[in-house]
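# Per-entry structural report
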Amino acid sequence: MALVLTTVNAPYSEQLDGVALAHCLSDLDLAKQYPGQVSAFLGEVPVEQQMEFAARTR
């Protein structure tokens, strides 16, 4: 999970933890507040790591 968070947070001063990122991914209004991190998760994190992240944050 650390690699996922490093990838999505790298260029941003406001860092999301795993719980916050999971909330962003499940709430469109919240996702709009962090479009860069959500976009990085969906576009830069390999699907296998996305699935592992989802399994760990349920």
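Right above here is the structure, for reference.
A brief report on the enclosed structure follows. (Residues numbered from 1 in each chain as written. Predicted model: local features only at pLDDT ≥ 70, side-chain atom pairs only at ≥ 80, totals over all residues. Heavy atoms only, no water.)

## Here's the deal with the pattern of salt bridges
Counted according to the given criterion, the structure contains 1 salt bridge. Residues Glu-52 and Arg-56 are paired through a salt bridge, measuring 3.1 Å at the closest nitrogen-oxygen approach. Here the residue Glu-52 and the residue Arg-56 both occupy positions in helix α5 (residues 47–56), the gap between them amounting to 4 residues, near one helical turn. Under the relative-accessibility criterion, Arg-56 is labelled exposed at 52%. (Salt bridge = Lys/Arg side-chain N within 4 Å of Asp/Glu carboxyl O. Helix = DSSP H or I, 4+ residues; strand = E, 2+ residues; numbered from the N terminus. Buried < 20%, exposed > 50% of the residue type's maximum accessible area, 1.4 Å probe, protein only.)

## Some points on helix α1 (residues 2–9)
For α1, the set of buried residues is Val-4, Leu-5, Val-8 and Asn-9. Mapping the buried residues of α1 onto a view down its axis gives an arc of 110 degrees, with all of them on the same face. Turned more than 90 degrees away from the buried face of α1 sit Ala-2, Leu-3 and Thr-6, all of them exposed. Buried-residue contacts for α1 involve α2 (18–26), α4 (35–44) and α5. (Arc of directions from axis to C-beta. Contact = heavy atoms within 4.5 Å.)

## Side note on the nonpolar core
Proteins that are soluble and globular tend to have nonpolar side chains buried together. Ranked by size, the top nonpolar core spans 14 residues in total, and within it Val-4, Val-8, Leu-21, Phe-41 and Phe-53 carry the most contacts. Where this core is concerned, the elements lending two or more residues are α1, α2 and α4. Apart from the residues lying within four places of it in its own chain, the contact partners of Phe-53 are Met-1, Val-4, Gly-18, Leu-21, Ala-22, Leu-25 and Phe-41. (Core = buried A, V, L, I, M, F, W, Y, C linked by side-chain atoms within 4.5 Å.)

## Details of α4
Restricting attention to buried positions, one finds in α4 the residues Gly-36, Gln-37, Val-38, Ala-40 and Phe-41. Buried residues in α4 make contact with α1, α2, α3 (28–31) and α5.

## Describing the environment of Tyr-12
Tracing the chain through its elements places Tyr-12 in the loop between α1 and α2. On a C-alpha basis, the gap between Tyr-12 and Gly-36 in space is 8.1 Å, while along the polypeptide they are 24 residues apart. Other than its neighbours up to four places away in sequence, Tyr-12 contacts Gly-36 and Gln-37.

## Brief notes about the side chain of Gln-50
In this fold, Gln-50 is placed in helix α5. Take Gln-50: its relative accessible area is 14%, and that puts it in the buried class. Ignoring sequence-local partners within four residues, the contact set of Gln-50 consists of Phe-41, Leu-42 and Val-45.

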